[in-house]
Amino acid sequence: MKTRQEIKAEVKEAMKALLDWVYPPVCISCRTLLPLNESRRFICEPCENLFEPIITPFCEKCGAPTQVESKHCASCFGKNFIFEQNRAAFTYDELIRDLLHQMKFHNKKRVAQGLGLFWAMQFSQKDLQEDFTLVPMPMHQKKQRERGFNQAEILTAALSKKLGYPMENILIRTHDTPPQAGLHPSQRAENVKDVFAIRKNEIVEGKKIILTDDIFTTGSSLNECAKTLKNAGASKILCMTLAIAVKNTNKH
């Protein structure tokens, strides 16, 4: 006799097949139809080839690609980052900008799922070799209600499944601040100052944490989150972002 879990899995698979027939999967980038037997069912092969994965050498602090191995690139030299390092999967180019725009401003949850899965494919647990807890960048509850989802959570869920690390919403955002986009770097730091807090009853003491977000620009939001976690007793804090905005001085 089949278990309840096995029956639920079969029903879920049948529903997926039905939805694929009624609403054929399309590439989240170019919108072309994808084969029904395509296991990832989010991005077509030609669009996959347009992404620019970051490979060595890259800045050991912020993760930006560099011409030579460096502990600090020109962009982050002299900055007081509380997290140990950031690792970005891709450079922030026109393709990723358009996809993130769809995700954030057109409520395209499927784009977040596809990007999360593609992000997870770039890493494996051997890249980290320690036990971590994944903590997505929190969104203020008012903004999350308006959008319907927190894209950082959806992106991080794919990483959690691939790396085998638990995802925990340890942080909350206490103030609904203006978007960071468009602000001067000095304004970005001030905009997020003291706007994060530890969720009630969460224990952070001694935890090794990876903060996750969609894009690293100046690192202000991640750094403020890291400060909150460090003050709560986190023993180690790394960051992982889908992409990083790269200045011309850091490009190959």
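Before any of the text, the structure's been laid out above.
Counting from 1, residues in each chain are numbered in the order their sequence is written. With the structure being a predicted model, the display of local features is reserved for residues of pLDDT at least 70 and the display and counting of side-chain atom pairs for 80 or more, all residues being used for whole-chain, interface and lining totals. Side-chain measures here rest on the full set of heavy atoms in the structure, leaving out hydrogens and waters.

Break down the overall build of the protein for me, citing the residues and quoting the values.
Runs of H or I in DSSP of at least four residues are treated as helices and runs of E of at least two as strands, each being numbered from the N terminus. Helix and strand counts for the protein stand at eight helices and six strands. Moving toward the C terminus, one meets the helices and strands of the protein in the order α-α-β-α-α-β-α-α-β-α-β-β-α-β. A separation threshold of at least 6 residues defines the contact pool for the protein, and within that pool the share at least 24 residues apart is 73%. Computed with the Shrake-Rupley method and a 1.4 Å probe, the accessible areas treat only the protein chains shown as cover for residues. Carbon and sulfur atoms provide 53% of the accessible area of the protein, an area that totals close to 14200 Å². Note on contacts: a residue pair is in contact if any heavy atoms of the two residues lie within 4.5 Å.

A description of the nonpolar core should follow, citing residues and the corresponding values.
Counting residues in hydrophobic clusters, the biggest one holds 36 residues, and the most contacted among them are Ile43, Phe51, Leu115, Trp119 and Leu159. For this core, the secondary-structure elements that each account for two or more residues are strand S1 (86-91), helix H3 (94-105), helix H4 (109-120), helix H6 (151-163) and strand S6 (236-244). If you tally residues by element for this core, the top one is H4, at six residues. Once you skip the residues sitting within four places of it in the chain, phenylalanine 51 turns out to touch Ile43, Phe90, Leu95, Ile96, Leu99, Leu115 and Phe118. Within the second largest apolar cluster, 31 residues are counted, among which are Val192, Phe196, Phe216 and Leu229. By nonpolar core we mean a set of buried residues, namely Ala, Val, Leu, Ile, Met, Phe, Trp, Tyr and Cys, connected to one another through side-chain atoms within 4.5 Å. The buried label goes to any residue with under 20% of its type's maximum accessible area, the exposed label to any with over 50%, and the partly exposed label to all in between, with areas taken from a 1.4 Å probe on protein chains only.

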